[in-house]
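Okay, here's what each chain looks like letter by letter:
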Amino acid sequence: VQLVESGGGLVQPGGSLRLSCAASGFTFSNYGMRWYRQAPGKERESVVGISSAGGILNYLDSVKGRFTISRDNAKNTVYLQMNSLKPEDTAVYYCSVHKGVRLWGQGTQVTVSS
């Protein structure tokens, strides 16, 4: 199993980023996927999940209305569109799949700062 995140970077408050997670090594369309994030000095938290069929699972309250998860099963990729970014969104963002155990990508850094 390999999960490779991309799309992070430095953005000003109010800006947007789209994260991607390319998956391989398993039948992507059969599994729900989830984005997590971990800010410095804080525990990793779940941001949002998406079922294998595209149903949205549990947005973190602080990102509701600003972040959107989606998936493209033909491309084995899950996305996180992040709008109206705030400094408190600064974190390393990870995509994850649960296959008996929870598996993680290497993460992509998102920094929101002026």
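Cut-offs and rules
Residues numbered from 1 in each chain as written. Predicted model: local features only at pLDDT ≥ 70, side-chain atom pairs only at ≥ 80, totals over all residues. Heavy atoms only, no water. Pairing = 2+ DSSP bridges. Helix = DSSP H or I, 4+ residues; strand = E, 2+ residues; numbered from the N terminus. Disulfide = S-S within 2.5 Å. Core = buried A, V, L, I, M, F, W, Y, C linked by side-chain atoms within 4.5 Å. Buried < 20%, exposed > 50% of the residue type's maximum accessible area, 1.4 Å probe, protein only. Contact = heavy atoms within 4.5 Å. Axes fitted to C-alpha atoms, helices over the stretch in contact; angles between N-to-C directions. Polar contact = N/O pair within 3.5 Å; in protein donor to acceptor, adjacent residues only side chain to side chain. Salt bridge = Lys/Arg side-chain N within 4 Å of Asp/Glu carboxyl O.

> Just give me the short version of the pairing of strand S10 (residues 101-104), but keep the residues and values in it.
The pairing of strand S9 (residues 91-99) with S10 spans four bridges and is classified as antiparallel. Bridge pairing in S10 links Val97 to Leu103.

> Report on the state of the cysteines, specifying residues and quantitative values.
Disulfides are covalent bonds that connect the sulfur atoms of two cysteines. Scanning all chains against the criterion turns up one disulfide. What pairs with Cys21 in a disulfide is Cys95, and their sulfur atoms sit 1.9 Å apart. Looking along the S-S bond of the Cys21-Cys95 disulfide, the torsion reads about 45°, which is the right-handed sense. With Cys21 in strand S3 (residues 17-24) and Cys95 in strand S9, this pair connects stretches of sequence that are 74 residues apart.

> Hey, could you go over the nonpolar core for me, with residue numbers and the actual values?
Formed by 27 residues in total, the largest nonpolar core has its most connected members in Met33, Trp35, Val78, Leu80, Met82 and Tyr93. The contacts of Leu80, once residues within four sequence positions are left out, are Leu17, Arg18, Leu19, Trp35, Val47, Val48, Phe67, Thr68, Ile69 and Tyr93.

> I'd like a rundown of the sheet that holds S3, residues and numbers included.
Taking strand neighbours across the sheet as the criterion, the four strands line up as S1-S3-S8-S7 in an open arrangement whose pairing is antiparallel. Each end of this open sheet is capped by a strand with a single partner; those strands are strand S1 (2-6) and strand S7 (67-72). For this sheet, the mean angle separating the axes of adjacent strands, direction not counted, is 15°. Here S1 runs beside S3; their pairing, made up of five bridges, is antiparallel. Bridged to Leu3 within S3 is Ala23.

> Give me the environment of Val92: which residues, what numbers.
Inspection of the secondary structure assignment puts Val92 in strand S9. Through-space distance from the C-alpha of Val92 to that of Arg44 is 9.1 Å; in sequence the pair is 48 residues apart. The residues contacting Val92, other than those within four sequence positions of it, are Tyr36, Arg37, Gln38, Gly107, Thr108 and Gln109.

> Help me get a handle on the side chain of Arg66, residues and values and all.
With respect to the helices and strands, the residue Arg66 is situated in the loop between strand S6 (56-57) and S7. By relative accessible area, which is 10% here, Arg66 ends up buried. Separated by 2.9 Å, the side chain of Arg66 and the backbone oxygen of Ser84 make a polar contact. Setting aside anything within four residues of it in sequence, one finds Arg66 in contact with Gln81, Met82, Asn83, Ser84, Leu85, Lys86 and Asp89.

> Lay out the environment of Leu60 with the relevant residues and their values.
Tracing the backbone shows Leu60 in the loop between S6 and S7. Along the primary structure Leu60 and Ser113 are separated by 53 residues, whereas in three dimensions their C-alpha atoms are 21 Å apart. The residues touching Leu60, leaving out its near neighbours within four places in the chain, are Arg37, Glu45, Ser46 and Val47.

> An account of the pattern of salt bridges is needed here, citing residue identities and associated values.
In this structure the tally under the stated criterion is four salt bridges. Close ionic contact of Asp89 with Arg37 constitutes a salt bridge, the shortest N to O distance being 3.0 Å. Pair noted here: Asp89 is in the loop between strand S8 (77-82) and S9 and Arg37 is in strand S4 (residues 33-38), with a separation of 52 residues, a long-range link. Assigned by exposure class, Asp89 and Arg37 land together as buried.

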